[in-house]
Every structure is written in C-alpha cells, then in structure tokens.
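Examination of the molecular architecture
Listed here are the chains, written in short residue letters.
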Amino acid sequence: MTHAMLKGSNVPLRTTTVRAVLRWSPGQGVPDVDASALLLGLDGRVRSDEDFVFYNQPRHPSGTVWRLGKKRVAESLTDTIQTDLGGVEEGVGRILLVASADGVTFDTVDTLRILLYDAEAPDEEALAYFDVTPETGRETALICGELYRRGDGWKFRALGEGYSNGLKGLATDFGISVDESEAAQEPPAADAAPPAPSAPP
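To start, this report covers the structure provided alongside it. On a predicted model such as this, the values are computed, not experimentally measured, just so you know.

1. Comments concerning the pairing of strand 3 (residues 17–25)
- As paired elements, strand 3 and strand 7 (residues 76–84) share eight bridges and run antiparallel to each other. By the bridge assignment, W24 is partnered in strand 7 with L77.
- Where strand 3 lies against strand 9 (residues 110–118), seven bridges are found, and the strand directions are antiparallel. In the strand pairing of strand 9, A20 is matched with L116.

As structure tokens, this is what we get:
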C-alpha cells in the first residue's frame, strides 16, 4: 500500500535500494524540472563538491547515488535519483532530494510529486509519495524530501522547502563551490536524456 505523505511527515524505508522519482505534467510555459541530490555529512554540509549529484555529475564517486535521467511516462515527465542505502558511507547522515527549474519559478509547474519505489521491485506500487507544493510560487529550487539515517536503518521525510535563488543558491548553502560556467550550462533536454547508467556492483 502506498503511503501518502504530508509535509514534515516521515516513513521508514525497509528496502536496500530506493528509487526517488520526480514527476510533473508538461505543458506550454512549464519548465523542465531536474532532479539532483546532495549527500550531507553529520554536520549537515557536504564533505566535498563530489557530494553533489546532478546533470553535470550524474554519479557519486562511491557509486551509491546516481541519476537515472528523464523519461516520458503517459502524460507526465519524470527524472529519477537512485540510492543504494546499504552502501552509503558512514560519514553521510542525510541525502537531500532536490527539484530545480532553470530560472523559471515553480508556480508554473503542475502536479509536482516525488514517489519512492523499492528499486529491487520496480513493478510494484510506490512505497510512498509526496505532492510538493511551493510555499510562495517564486521558488526556482525545492528540497522535496530527504533520506536520513535512524538507528541502523533509513527513513524518508517529506520537506517541500523552497529556494528563490535556484539550484546554485541551494547547493552553496550546503557547502558546494559552484563553478559559474558549470552553473550556466544547460542540462540535457528530456527527449535527449542519456541512457540510464548500469547499477553499481
């Protein structure tokens, strides 16, 4: 049974590998949405710039967090981050799951939803979902939720926290050194998404 989540709520994850899927409805004037992830140390900041998984750096060096890329599913578009929770380094306490739109505000994005799946049983229904609603509509980046350690396991918390200064501002807040030329580089279009990388060993 899929767990419908409210902002601030959390749910335990009993799967080894979780697939976080951002889904939204395309349309005229609707921006392309990009999924990314930040791996945060126990101090709540990244340990290095390598802890930022996004369109220009689609796989974490540890091989435990990677971007699967965009797909068109029925009437929706999706972008996906997959995480091998069992292999995440001990020094990582939280993994932020982020949606960003290139310079366009989220008040133009309809039905933005994050869904969590057991990646080892991809054909089953979602474990949980959260409908992400911007607080002001002027946000250009949103922390949709976070995967975080609890004891020996992991949980997911629904957040929906917005940033009006985009992915660059959000990443900088958590300790990323953003290269100006890299930040200006356009992500690949949904129709030209690269093939999904193979799962790490």
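Now that the structure has been shown, the text picks up again.
2. Brief notes about the packing of aromatic side chains
- Taken as a whole, this structure holds two aromatic pairs when the rule is applied.
- Ring plane angle 5° and centroid distance 4.3 Å describe the contact between F52 and F54, whose orientation is recorded as stacked.
- Through successive ring pairs, a cluster of aromatic residues spans F52, F54 and Y55.
- Between the NZ or CZ atom of R113 and the centre of the ring of Y129, over which it lies, the distance is 3.9 Å.
- Stacked on the ring of Y148, the Lys or Arg R157 has its end atom at 4.1 Å from the ring centre.

3. Description of the environment of T78
- Among the secondary structure elements, T78 is positioned in strand 7.
- When its relative accessible area of 6% is taken as the criterion, T78 is described as buried.
- Spatially, the C-alpha atom of T78 lies 9.4 Å from that of I114, the residues being 36 residues apart in sequence.

4. Quick word on the sheet that holds strand 4 (residues 33–41)
- Spatially, the six strands line up as an open sheet ordered 2-12-11-8-4-5, and their pairing is antiparallel. The sheet is open, and its two edges are formed by strand 2 (10–13) and strand 5 (52–53), each paired on a single side.
- With seven bridges connecting them, strand 8 (residues 92–101) and strand 11 (residues 141–150) associate as antiparallel partners. Residue pairing in the sheet places S100 in a bridge with A141 of strand 11.

5. Remarks on the nonpolar core
- Formed by 36 residues in total, the largest nonpolar core has its most connected members in L22, I95, L97, L112, I114, L147 and F156.
- Sorting elements by how many residues they give to this core places strand 8 first, with five residues.
- Counting residues in hydrophobic clusters, the runner-up holds 17 residues, among them L167, A171, F174 and I176.

6. As for the side chain of T105
- Note that T105 resides in the loop between strand 8 and strand 9.
- Among the polar contacts made by the side chain of T105, one reaches the side chain of D107 at a distance of 2.6 Å.
- Apart from the residues lying within four places of it in its own chain, the contact partners of T105 are P31, G137, R138, E139 and T140.

7. What about the sheet that holds strand 7?
- The six strands are arranged 1-10-9-3-7-6 in an open sheet whose pairing can be described as mixed. The strands lining the two open edges of the sheet, one partner per strand, are strand 1 (3–5) and strand 6 (65–73). Adjacent strand axes in the sheet meet at a mean angle of 20°, parallel and antiparallel pairs treated alike.
- Relative to strand 7, strand 6 is paired through eight bridges, and the arrangement is antiparallel. Its bridge partner being in strand 7, G69 is matched across the sheet by T80.

Reading the values: rules and limits
Residues numbered from 1 in each chain as written. Predicted model: local features only at pLDDT ≥ 70, side-chain atom pairs only at ≥ 80, totals over all residues. Heavy atoms only, no water. Pairing = 2+ DSSP bridges. Helix = DSSP H or I, 4+ residues; strand = E, 2+ residues; numbered from the N terminus. Phe/Tyr/Trp six-rings, centres within 6.5 Å; stacked < 30°, edge-to-face > 60°. Lys NZ or Arg CZ within 6 Å of the ring centre and 35° of its normal. Buried < 20%, exposed > 50% of the residue type's maximum accessible area, 1.4 Å probe, protein only. Core = buried A, V, L, I, M, F, W, Y, C linked by side-chain atoms within 4.5 Å. Polar contact = N/O pair within 3.5 Å; in protein donor to acceptor, adjacent residues only side chain to side chain. Contact = heavy atoms within 4.5 Å. Axes fitted to C-alpha atoms, helices over the stretch in contact; angles between N-to-C directions.

Keep in mind that these numbers describe shape and distance, not what the molecule does.
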